[in-house]
Amino acid sequence: MLEEKEFIQQLLNPKTQNQAFQKLLLDYQKSLYHHVRSIVISHEDADDVLQNTFIKIFQNLKNFKGESKLFSWMYRIATNEALTFLNQKAKKGGITSEETQQKAIDNLQADIDYDGNDIQLALQKAIATLPEKQQLVFKMKYFQELKYEEISEILGTSVGALKASYHHAVKKIEAIVTQD
């Protein structure tokens, strides 16, 4: 990828904006999709949230100050969009966002886009029992293999607190999975 500042200028310049945004989509669509899907679980929901994420990114590029990496800023938007989506879906259904997520996991077995086995399903169910912050940290570290420094930028949490969250999440997941 081009030097980030130069690329951001291309994204902001009306003459190069469309081409630069196409490159942004190509470069980040897959990783943002996996991140969003890890939060909302359902493929269809992830597609909707991802579309909203890229719309928000496009609309807010002019406000990007470069205080974090572009990648981190986009992940933060995707995370917020996914959490907002879960909360709205829960509100519509008159249930909690945790119950919404549990329903989505229960529907995973019927999802033709899900190719996981019983162990992966058990892992998803265990992750769903964690508090929201621990879920996010665990998924970003374990599945997306992000560095603590990257997660820190995305979630606005210290590296030390993230390490503690991840450690607690792993212990809880191990206890649940070995119990089953």
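Below or above, wherever it landed, is the structure these notes cover. Just so you know, these numbers come straight off a predicted model, no measurement behind them.

Considerations on the overall build of the chain
Move 1: The helix and strand inventory of the chain stands at nine helices and zero strands.
Move 2: Walking the chain from its N terminus toward its C terminus, one meets helices and strands in the order α-α-α-α-α-α-α-α-α.
Move 3: Rg of the C-alpha trace for the chain: 17 Å, near the compact-globule value of 16 Å for 180 residues, within the 12% margin.
Move 4: Judged by the C-alpha coordinates and their principal axes, the chain covers about 55 × 35 × 30 Å.
Move 5: Counting only residues that meet the buried cut, the chain has 43% of its 180 residues in that class.
Move 6: Excluding contacts between residues fewer than 6 apart, the proportion of contacts in the chain whose partners are at least 24 apart in sequence is 58%.
Move 7: Approximately 10500 Å² of the chain is accessible, and the part contributed by carbon and sulfur atoms is 50%.
Move 8: Between the mean site of the 22 positive side-chain charges and the mean site of the 24 negative ones, the chain shows a separation of 6 Å.

Considering the environment of Val40
Move 1: Looking at where Val40 falls in the secondary structure, it is placed in helix α2 (residues 17-40).
Move 2: Val40 sits in the buried class, given a relative accessible area of 2%.
Move 3: Along the primary structure Val40 and Thr84 are separated by 44 residues, whereas in three dimensions their C-alpha atoms are 10 Å apart.
Move 4: Look past the residues within four positions of Val40 in its chain and what remains in contact with it is Asp45, Ala46, Val49, Ala82, Phe85, Leu86 and Ala104.

Conventions used here
- Residues numbered from 1 in each chain as written.
- Predicted model: local features only at pLDDT ≥ 70, side-chain atom pairs only at ≥ 80, totals over all residues.
- Heavy atoms only, no water.
- Helix = DSSP H or I, 4+ residues; strand = E, 2+ residues; numbered from the N terminus.
- Rg over C-alpha atoms; globule rule 2.2 N^0.38 Å.
- Buried < 20%, exposed > 50% of the residue type's maximum accessible area, 1.4 Å probe, protein only.
- Contact = heavy atoms within 4.5 Å.
- Areas by Shrake-Rupley, 256 points an atom, 1.4 Å probe, with all protein chains shown as cover.
- Lys, Arg positive; Asp, Glu negative; His and termini not counted.
- Charge placed at Lys NZ, Arg CZ, Asp CG, Glu CD.

These figures capture arrangement, not role.
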